[in-house]
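Understanding the architecture of this molecule
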Amino acid sequence: MKPKILLVEDDTNLGFIISDQLKMQGYEVALSSDGMEGFKRFNEEHFDMCIFDVMMPKKDGFSLAEDVRKINKNIPILFLTAKAMTEDKVKGFNVGGDDYLTKPFSTEELKVRVRALMKRVDIHIGKENENEVQIGHFVFDISNFTLTGPDSEKKLTKKEAQILKILAKFQNQVVAREMVLNAVWGKDDYFVGRSLDVFITKLRKYIASDPTVVIENIHGIGFKLNLEQNN
């Protein structure tokens, strides 16, 4: 399989140019035009690397990188920026970036930076993307959207699977509502918030047969998938 890159760039023309160059180098590229769309896409598909423009509408590259790092600590992140100021580069590294390219840059430089980052983290790729997760006496198959218990198998909808994936990733930790909403719907407003509550209610029913697994509502903050620890 070709390594897959998430490219988030709000300059449409530049985005297409970078995408074409990377495809010519043998990469598969998914192009998004803003940070909110990019984060939603990140949670829908598997990627081996991210390239984020810094200055973008809705969610800037630094904020996007912070959210991505909450989900995946190892995926390489390359920032693109028109700024060359030292403090911007420092901030980029502090929020989890691995490298920096200042516009304008040559296609050769882009190619070298991408190849170097891919090699640097090669031993980690795939570690953060386990296909099966144990949740109490259930096995959650992330790729096939199935939740299998001792006596049953439930086929989840795409959104149910995305929500459960995030909760399972942070089991026994509080996950903010805003993070789930942005990851699954790409926005955070009243109407999608109500939809999230409906999906949470459904997920609670699916896991009700195991009393050691509970999706707790943390009022005003978010949710927590509580799994009883075996000592």
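Parameters and conventions
Residues numbered from 1 in each chain as written. Predicted model: local features only at pLDDT ≥ 70, side-chain atom pairs only at ≥ 80, totals over all residues. Heavy atoms only, no water. Helix = DSSP H or I, 4+ residues; strand = E, 2+ residues; numbered from the N terminus. Expected span 1.5 Å × (residues − 1). Buried < 20%, exposed > 50% of the residue type's maximum accessible area, 1.4 Å probe, protein only. Arc of directions from axis to C-beta. Polar contact = N/O pair within 3.5 Å; in protein donor to acceptor, adjacent residues only side chain to side chain. Core = buried A, V, L, I, M, F, W, Y, C linked by side-chain atoms within 4.5 Å. Domains from an automatic or database assignment. Contact = heavy atoms within 4.5 Å. Buried area = accessible area lost by both parts, 1.4 Å probe. Salt bridge = Lys/Arg side-chain N within 4 Å of Asp/Glu carboxyl O. Nonpolar A, V, L, I, M, F, W, Y, C, P; charged D, E, K, R; others polar.

**Some points on helix α1 (residues 12-24)**
Over its 13 residues, α1 extends 18 Å from the first C-alpha to the last, a length consistent with the 18 Å expected when each residue adds 1.5 Å. Inspection of α1 places G15, I18, S19 and L22 among the buried residues, and these make up the whole buried set. The arc that holds the buried residues of α1, viewed along the axis, is 100°, so those residues lie on one side. Exposed residues on α1 whose side chains face more than 90 degrees from its buried face are N13 and M24. A distance of 3.2 Å separates the backbone nitrogen of N13 from a side-chain oxygen at the start of α1, and that oxygen is part of D11.

**Side note on the nonpolar core**
Proteins that are soluble and globular tend to have nonpolar side chains buried together. Membership of the largest hydrophobic core comes to 51 residues, with the highest contact counts inside it found for F52, F79 and I163. If you tally residues by element for this core, the top one is helix α6 (residues 158-169), at six residues. When residues of this core are assigned to domains, at least three map to each of domain 1 (4-126) and domain 2 (132-227). Ignoring anything within four residues of it in the chain, the contact list for F52 reads L6, V8, G61, L64, A65, V68, I77, L78, F79 and L80. Ranked by size, the runner-up nonpolar core spans 16 residues in total, among them M49, I51, V114 and L117.

**Observations concerning the domain arrangement of the protein chain**
Taken domain by domain, the protein chain comprises domain 1 (4-126) and domain 2 (132-227). When each unit is reduced to the centre of its C-alpha atoms, the spacing between domain 1 and domain 2 is 28 Å. With seven residues of domain 1 at the contact, the number on the domain 2 side is 13 residues. The contact between domain 1 and domain 2 buries some 950 Å² in all, and 60% of this surface belongs to carbon and sulfur atoms. Two residues, E44 and K158, come together in a salt bridge whose shortest N-O distance is 4.0 Å. In this assembly, domain 1 and domain 2 are joined by one residue pair in polar contact (both at pLDDT 80 or more). Elements with a minimum of two residues in the side of domain 1 that touches domain 2: α2 (35-44) and α3 (61-71). In terms of residue count, α2 provides more of the side of domain 1 that touches domain 2 than any other element does, five residues in total. The residue makeup of the side of domain 1 that touches domain 2, split by class, is three nonpolar, one polar and three charged.

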